[in-house]
Amino acid sequence: MGLQMQRSLSHVSFSICSDLRRRQIDLLRKHRGGSVDLEVNEKTGIALMTLNNPKKKNAITGSMHLEFEERIEELEKWETGKGLIVKGCGNTFCSGGDLNFVRALAKEKDSDNPSLMSSFMQNATTRLSNLPLITVALVEGFAVGGGAELMTCCDFRVVHSSARIGFLEAQMGLSTGWGGSVRLVHLLGRSKALQLLTSARVISGIDAQKIGLADEIFGESDDPLEATTSFLTKYLKFPSEVIKAMKRVAVNASKSDSKSVEHLNAKETDIFQNLCGGPANLAALNRK
Ligand SMILES: CCCC(=O)SCCNC(=O)CCNC(=O)[C@H](O)C(C)(C)COP(=O)(O)OP(=O)(O)OC[C@H]1O[C@@H](n2cnc3c(N)ncnc32)[C@H](O)[C@@H]1OP(=O)(O)O
């Protein structure tokens, strides 16, 4: 292909990308509420990301999608960092996508808004998975729907024994849309992943540990943040450049599957788009 032709093709693909990005941002910023907060501790090298929408059990609104990506961008640039804890505000992790937002997506029948939302969040969660930091989800209370998907994008999960974890998407007439199925199959294997995804069963922290979804359990008498920090600190004792290098090697190794994560995510988005606003989804939304 001539150089001139290559230049004009790359210009076309850049315009398509920037058009997609503009449409994603326009969609997400219309649905406001909550925040995603980041505290960085230079002394310990540990950052704390908090999903903050406690009145809705930390459901993720449109504007929180955008803030989630902004915080990840900050973390990608954090040269001296070593670790990240992702948690929810007020002793509960996250109840998934804000149902008011999901309802709005489902109602615009012929639009590609579900796909815009899903591909945005897949990209952001993949970037979180690939951060050159050791990442831990601190899970207490509820981690359901997209909340359960979010806990899978961390390297480890430290979970309260009585936490309630459930991939409720099927119950909502949906499939996963934030990369959760791909990551769950990698974590647990196809059979165990399918058991959770197709039953929408809600399991405790103890049961999550039995199937390999939780790496460490804490109980009523433990301070959740202290328990999680003490778990994470075991993996942060070497200099940050060494930890970042190890994480990069692990990320590259997990990309060496026959199909790239990007390709698998695109398939997941297509499936999500087909279900969102369909009969099963509308029936679930009408049930409250
Ligand atoms: C690709 C992403 C796909 C998705 O994530 S679809 C969304 C999947 N998530 C869900 O279906 C979870 C819906 N929520 C629930 O099942 C329950 O609220 C949950 C989390 C088990 C907690 O139960 P409870 O402790 O009994 O609390 P509750 O139901 O009274 O909730 C307290 C207030 O929070 C609200 N809330 C909870 N989850 C929400 C959500 N995802 N979106 C919007 N609002 C949500 C709930 O409506 C209630 O509000 P209010 O106090 O009645 O005004």
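What counts, and where the lines are drawn
- Residues numbered from 1 in each chain as written.
- Predicted model: local features only at pLDDT ≥ 70, side-chain atom pairs only at ≥ 80, totals over all residues.
- Heavy atoms only, no water.
- UniProt positions renumbered as here; feature names shortened; annotations may be inferred.
- Pairing = 2+ DSSP bridges.
- Helix = DSSP H or I, 4+ residues; strand = E, 2+ residues; numbered from the N terminus.
- Axes fitted to C-alpha atoms, helices over the stretch in contact; angles between N-to-C directions.
- Contact = heavy atoms within 4.5 Å.

As annotated in an unreviewed UniProt entry, the protein chain is Ethylmalonyl-CoA decarboxylase from Helobdella robusta. Quoted straight from UniProt, the Function (unreviewed entry) entry for the protein chain says "Decarboxylates ethylmalonyl-CoA, a potentially toxic metabolite, to form butyryl-CoA, suggesting it might be involved in metabolite proofreading. Acts preferentially on (S)-ethylmalonyl-CoA but also has some activity on the (R)-isomer. Also has methylmalonyl-CoA decarboxylase activity at lower level." UniProt, in its Sequence similarities (unreviewed entry) section for the protein chain, records the words "Belongs to the enoyl-CoA hydratase/isomerase family."

> I'm lost on the sheet that holds strand β7 (residues 164–166) in this one. Help?
Strand pairing in a sheet is mediated by backbone hydrogen bonds. Such pairs are either parallel or antiparallel. Taking strand neighbours across the sheet as the criterion, the three strands line up as β5-β7-β8 in an open arrangement whose pairing is mixed. Edge positions in the sheet fall to β5 (142–144) and β8 (202–204), since each of these pairs with one other strand and no more. Neighbour to neighbour, the strand axes of the sheet diverge by 20 degrees on average, direction disregarded. Summarising the sheet, β7 and β8 pair through three bridges and their orientation is antiparallel. Within β8, the residue paired with I165 across the bridge is I203.

> When you look at the sheet that holds strand β4 (residues 134–139) in this model, what are you seeing that I'm missing?
Strand order in the open sheet formed by six strands is β1-β2-β3-β4-β6-β9, and the pairing between neighbours is mixed. Each having just a single partner strand, β1 (35–41) and β9 (216–218) make up the two edges of the open sheet. Between one strand axis and the next, the sheet turns through 20 degrees on average, direction left out of account. Each of β1, β2 (46–52) and β3 (83–88) is contacted by helix α2 (residues 62–76), which is oriented at about 15 degrees to β1, the strand it contacts most.

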